[in-house]
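Structural characterization, general
So you can see what is in the structure, the chains are spelled out below.
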Amino acid sequence: MKLPRRQFLHLAAGAAALPVMIARAQAYPARPVRFLVPFAPGGPTDVSARLLATHLSQNLGQQFYIENQGGAGSNLGMGTAARSTPDGYTVLFVSTSFIVNPSLFAKIPYDPYKDFVPVMLAATSPNILTIHPSLPAHNVQELIAHIKAHPGEMSFASAGLGTSAHLSGELFKLSQKLDLVHVPFAGSAPAIQSALGGHTPIAFTVITPAVPQVKSGKLRGLAVTTPKRSPALPDVPTLAEAGLHDQEADTMQGILVPSGTPKPVIDLLHREIVKIMERPDVKETLVALGFEAVASTPEEFAERIKLEIPKWGKVIRDANIKTE
C-alpha cells in the first residue's frame, strides 16, 4: 500500500530523528540538570532533593542543582515542571501535594496523569496520631469513645490544610462519624506545640517532631497511619492494629520528569538514584528526617498515583475541604 506523501514524510522525519534522540540520551547528562523542588528551602523535601542531587552530581559528572519554586500550595513549581522541555534536564521532586492538589484546588497548572512520567517513589514518612496525656484515653478506641461522649468539644491540630496529616485526621473523622474540629497550623512543629499546651489536645502530624515528645511522655502516641510500625516509635501500633482498617496514609517524596522524556534517560536516573538510596549514610539521613527509603519502580509509583488521587479526592469532597 502506497502512503500519502505527507504521512510518508512525517514517518521519515520521525525515523531520521530517532538516532539523534538515542544519541542524546546516551550522552546524558551533557550539561547541568535542574532538580525542581516546589517548596521553599529548608524543608524535608528540599533537604532530600539536595541529598540526591549531591550524589548524582558526583556519580554522573554533571551538576544537578536545586531550583526552589514554592508558592500556591506547591502548584507553582509543579506547573513550571509540566511546561519544561522533556529532555531530562528538568527533574521534579514532589511531596504528597502532587496527588492531593488535583482535588484540593479548583484549578491546577498541571495534569498529574498526562504531564509527567514517574521515575520513582523515593521515600515515605508515617503520620502519627498523638494526644495530650490529660485525655482519658490510652488507645484509639478509648479516644473515639471520648470524642463521641463530647461531640463538638474536641479539636485536632494538623500540619496545615490539605496536608497528608490533615487528610489522615479527616479520614479518621469520617470513618468513625466523629464531631471533631480541625485546627490547621503552618507545619507539624507548631501543631505539636499546640498539642503539648493542651490547646488542641489531639494532633495528626508527621512523625519526626512527635518522636521526642512521645518518648518523654509529654504526648501519648496512639497510632501511626502506615501499614507497619515505625522504627522511630516501635511501641506505637498502626491504626489497623488499633481496629481501624483502610486508613493508610503517609507523607511521600517522589521523582518525576516531564512526559516525553526519553526512556533511556528515565532508566538511567532510576538506576542511579536506586544506588544512592541503598547507601547506608543516605538511609541514615532520611531516617533523621523521618523518612524511610523506598526507591520503587516507575510502574509502582505510577500505580500509587493512579490509586491515591481518587482516594484523597473522595476524602476532600466528603469533608468539604476548600482552599481560600
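Parameters and conventions
Residues numbered from 1 in each chain as written. Predicted model: local features only at pLDDT ≥ 70, side-chain atom pairs only at ≥ 80, totals over all residues. Heavy atoms only, no water. Helix = DSSP H or I, 4+ residues; strand = E, 2+ residues; numbered from the N terminus. Buried < 20%, exposed > 50% of the residue type's maximum accessible area, 1.4 Å probe, protein only. Polar contact = N/O pair within 3.5 Å; in protein donor to acceptor, adjacent residues only side chain to side chain. Contact = heavy atoms within 4.5 Å. Axes fitted to C-alpha atoms, helices over the stretch in contact; angles between N-to-C directions. Parallel < 35°, antiparallel > 145°, perpendicular 65-115°, else oblique. Left-handed = near helix turned anticlockwise from the far one by under 90°. Nonpolar A, V, L, I, M, F, W, Y, C, P; charged D, E, K, R; others polar. Core = buried A, V, L, I, M, F, W, Y, C linked by side-chain atoms within 4.5 Å.

Time to look at the side chain of T200. Structurally, the position occupied by T200 is in the loop between α7 (188-196) and β7 (202-206). Classification of T200 by relative accessible area gives buried; the value is 4%. At 2.5 Å, the side chain of T200 forms a polar contact with the side chain of S194. Not counting residues up to four positions away in its chain, the partners in contact with T200 are S155, F156, A157, V183, F185, A191, S194 and A195.

Let us now look at the packing of helix α2 (residues 44-60) against helix α10 (residues 280-288). Between α2 and α10, the least distance of the axes is 11 Å, while the angle of their chain directions is 165°. Classified by the angle between their axes, α2 and α10 sit roughly antiparallel to one another. Seen from above, α2 lies across α10 with right-handed handedness. Residue-level inspection shows S48, L51 and H55 of α2 in contact with α10, the latter providing D281, V282, T285 and L286. Looking at the contact of α2 with α10, its residues break down into three nonpolar, three polar and one charged.

Attention now goes to the nonpolar core. Within the largest apolar cluster, 32 residues are counted, with the highest numbers of intra-cluster contacts made by Y28, F35, L52, F64, I255 and L269. If one sorts the elements of this core by residue count, helix α9 (residues 263-277) sits on top with eight residues. Excluding residues that lie within four positions of it along the chain, F35 makes contacts with A49, L52, A53, L56, F64, Y65, I66, E67, V91 and F93. Grouped together as the second largest cluster of nonpolar side chains are 26 residues, L92, L104, A249 and F301 included.

The values reported here are purely geometric and, on their own, carry no functional implication.
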